[in-house]
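Residues per chain, in single letters:
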Amino acid sequence: MPRPAAKIRIPARVGSTAELAEFQRAVWGLVSRPLTPGHRMQRRAADGRPTREVAGRIVKPSDRLTALERLEIYNRMYWFRVLDSLHEDCPGLRAVLGERRFLRLAEAYLVRYPSRSPTLRDLPSRLARFIREAPRWTRPHTALCHDLARFEWAQVEAYDGAARPRFAAADLRAADPGRLRLALQPYLQLLELRYPVDDYLIAIKQRTALLRGDASHAPAGLRPGRRSRVPRPRRQACQVAIHRLDGRIYFKRLEPAAGRILRAIRAGRPLARALAAGLPPGRRPPPGAADRVQAWFRTWMQLGWFCRPE
Amino acid sequence: MPANPYNGYTDYGIGIGLRVPHYDHILAEQPTVDWFEIISETFMVDGGRPLEVLDRILEQYRVVQHGVSLYFGSAEAPNRAHLRKLKALTRRTQTPWLSDHLCWGSVDGTYSHDLLPMPYTRAAARRTAEKIRAVRDFLEIPIAVENVSSYAEYHVSEMTEWEFLTEVVERADCGILLDVNNIYVSSRNHGFDPHAYLDHVPAHRVAQIHIAGHTRFEKYLLDTHDHPVLDPVWKLYAHAIRRCGVTATLLEWDDKIPSFQEVHDEALKANAFIAGARAAAAVRGS
């Protein structure tokens, strides 16, 4: 049985900034404590004392609510808000784990890694790390869930990451490839994955759209059964770029060599060395390699992925 | 006193909150709206659609920033990285004033994303005012603090909420974003007279007024922003503008958001009360 935490200190008065800080720690300890399965405040506080007793020392009762009931409103609002936010950001994880297991994972994550950012946008930023550290919440799909958490966070970063002025084709003409360095747009996300979660997320999105259509006017032949699920993807390594065009997010599969070149560019290598990174070590370029690389660069330039290094 | 130092001597009319479901309508139809209030945190990003939309809105409309995460009442020091981003956004929007809540919500660098009620003590007021001054000095624009709706009162409090609000704004020499819906919700939850609250507020510091809808539960009211404004709140609004003068007014509608037109029409109902206040002022002056 876990040992209760140190006794919650509740200052008798708030007469200084230090006492204000202590008071706020005490309230926050109660407000951030996970809810019971019935979405109520736990009976015992973190230090093992009855929550009713601790709440009663902090909060006044009203003519209709006890001190605990008043504090419980904040306890519920906190958890509903942060869980709602993760719920919205993680459709793939929800699909793999199911709603109940996802909520258990999200709660455990937020207990271990409560928000350290003023904005809810950053809430999932450490979820992949938590999944790796605490695999019991996602077993036996930990590797898949880890890929999904990375991918879903990368989408957030791609959506509102910085964009710098594009590198123009004219900038390349007189440049020496041995010294020329390019940079990738900060919003561009490059992922090496163990599972093809890009296809999986697209399938989930399509299914969700169909279910929405089902509620209105979707053709009967297109309606999925309400209980049907998108099959979990099978292990298959792949590389994906998540990028942005006209404010919308797109996924683009990359050949392994293309992924290596882009990562070398991101690492700041000169163009010639970045291109060499695309070759298998110690081998000559296969026939047609130059044409393929040229085609990749043409596409990447068109998509605006390159910018000048800062 | 519509224009005062706390709203940058502006005389804005009736605005609504800029919300995602209305982006397409606003950008395509360019409806006439006095001003939009934006949630600062939504646009404190490095790029992408949020900033593209904002820039297009700024080409056509006046925008005022309203925040939810400065947590003036938290004991800890302001988050400098956050303030730098906020300042960059104020430069982009040219907001004439900036508002956030009179509450706390972060502890030792951990964020609750909630608006937690203050303990109403002199020490808490001093610390809060000190932080408001520091933020204003850094951002170099007027600050208005909004009274929050609350569901709990603390034993340690030494004064009423309106006394605390007054203490803070006088010490900080800042403005007030008077949320009449929040006053009503808290008055019902704590059993005080909302008119007494309004009568105590230093009217000359009111930079802006918020109106919104709330939800009635069996034992308490919850500030949900998912309804039209209810009659008792409109009555409080009428009382507020009689006391404060016709002040920039903003309707908040954040959940179950209906069409743009419905939200705007609801906000424009404030005009009837403004006309009434003007008529009453004219009678008094004649």
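This text gives an overview of the structure that appears in the document. (Residues numbered from 1 in each chain as written. Chains lettered and ligands numbered in written order. Predicted model: local features only at pLDDT ≥ 70, side-chain atom pairs only at ≥ 80, totals over all residues. Heavy atoms only, no water.)

Attention shifts here to the overall build of chain B. Summing up its helical and strand segments, chain B has 10 helices and 13 strands in all. Over its C-alpha trace chain B gives a radius of gyration of 18 Å, about what one expects of a compact globule, namely 19 Å for 286 residues. When the backbone C-alpha atoms are referred to their principal axes, chain B occupies close to 50 × 50 × 40 Å. Looking at chain B as a whole, 63% of its 286 residues are labelled buried. (Helix = DSSP H or I, 4+ residues; strand = E, 2+ residues; numbered from the N terminus. Rg over C-alpha atoms; globule rule 2.2 N^0.38 Å. Buried < 20%, exposed > 50% of the residue type's maximum accessible area, 1.4 Å probe, protein only.)

Residue and element names in this part refer to chain B. Evaluated as defined, the whole model comprises 1 cavity of 30 Å³ or more. Its boundaries defined by the atoms lining it, the largest cavity holds a volume of some 60 Å³. Surrounding the largest cavity, Leu102, Pro117, Met118, Tyr120, Asn147, Val148, Glu161 and Phe164 form its lining. (1 Å grid on protein atoms, 1.4 Å probe; cavity = no way out; pocket = protein on both sides within 12 Å on 5 of 7 lines; lining within 4 Å. Points joined across faces, edges and corners; volume = space filled by probe spheres on them.)

Before going further, it helps to spend a moment on helix H8 (residues 231-244) of chain B. Residue and element names in this part refer to chain B. The first and last C-alpha atoms of H8 sit 20 Å apart over 14 residues, in line with the 20 Å expected at 1.5 Å per residue. Buried within H8 are the following residues: Val233, Trp234, Leu236, Tyr237, Ala238, His239, Ala240, Ile241 and Cys244. At the exit of H8 stands Gly245, carrying a positive phi of roughly 90°. (Expected span 1.5 Å × (residues − 1).)

This part takes up the layout of surface pockets. Residue and element names in this part refer to chain A. The calculated volume of the second largest pocket comes to roughly 490 Å³. Surrounding the second largest pocket, 15 residues form its lining, His39, Leu83, Leu103, Arg104 and Glu107 being those nearest its centre. Secondary-structure elements contributing two or more residues to the lining of the second largest pocket are helix H3 (67-89) and helix H5 (99-112). Within the lining of the second largest pocket, the residues separate by chemical class into 8 nonpolar, 3 polar and 4 charged. (Nonpolar A, V, L, I, M, F, W, Y, C, P; charged D, E, K, R; others polar.)

Counting residues at the interface gives 49 residues for chain B, matched by 46 residues for chain A. Here chain B meets chain A over a buried area of about 4100 Å², counting both sides, of which 60% is carbon and sulfur. On inspection of chain B and its partner chain A, the count reaches 3 salt bridges. Linking Arg25(A) and Asp108(B) is a salt bridge whose minimum nitrogen-to-oxygen distance equals 2.6 Å. Going through the elements one at a time, helix H2 (49-60), strand S5 (104-107), strand S6 (110-116), helix H4 (122-139), strand S8 (153-154) and helix H6 (180-190) of chain B are the ones with two or more residues in the side of chain B that touches chain A. Looking at which element gives the most residues to the side of chain B that touches chain A, the answer is S6(B), with 7 residues. When the residues that make up the side of chain B that touches chain A are grouped by side-chain class, the tally is 19 nonpolar, 18 polar and 12 charged. Of the pairings in the sheet, the one linking strand S1 (residues 59-60) of chain A to S8(B) comprises 2 bridges and is antiparallel in character. Across the sheet, Val59(A) pairs through a bridge with Tyr154(B), a residue of S8(B). (Contact = heavy atoms within 4.5 Å. Buried area = accessible area lost by both parts, 1.4 Å probe. Salt bridge = Lys/Arg side-chain N within 4 Å of Asp/Glu carboxyl O. Pairing = 2+ DSSP bridges.)

Attention shifts here to the pairing of strand S5 (residues 248-254) of chain A. Residue and element names in this part refer to chain A. With 7 bridges connecting them, strand S4 (residues 238-245) and S5 associate as antiparallel partners. Note that in S5 the partner of Ala241 across the bridge is Lys252. From the end of S4 to the start of S5, which pair antiparallel, there are 2 residues, and Asp246 there has a positive phi angle of about 50°.

Another point: the packing of helix H1 (residues 17-31) of chain A against helix H2 (residues 51-58) of chain A. Residues and elements named next belong to chain A. Interhelical geometry of H1 versus H2 gives an angle of 145° and a closest axis separation of 11 Å. Viewed along their axes, H1 and H2 form a crossing whose handedness is left-handed. Taking contact as the criterion, the partners of Phe23, Ala26, Val27 and Leu30 in H1 are, on H2, Thr51, Val54 and Ile58. Of the residues in the contact of H1 with H2, the class split is 6 nonpolar, 1 polar and no charged. (Axes fitted to C-alpha atoms, helices over the stretch in contact; angles between N-to-C directions. Left-handed = near helix turned anticlockwise from the far one by under 90°.)

Take the sheet that holds S4(A) next. Residues and elements named next belong to chain A. Spatial ordering of the open sheet is given by S3-S4-S5, a layout of 3 strands whose pairing is antiparallel. Every other strand in the sheet has two partners, leaving strand S3 (189-193) and S5 as the edge strands with one partner each. Neighbour to neighbour, the strand axes of the sheet diverge by 25° on average, direction disregarded. For S3 and S4, the ladder comprises 5 bridges, and the chain directions are antiparallel. The residue of S4 that forms the bridge with Leu191 is Val240. Set on the sheet, helix H10 (residues 256-266) makes contact with S3, S4 and S5; between it and S3 the angle comes to about 135°.

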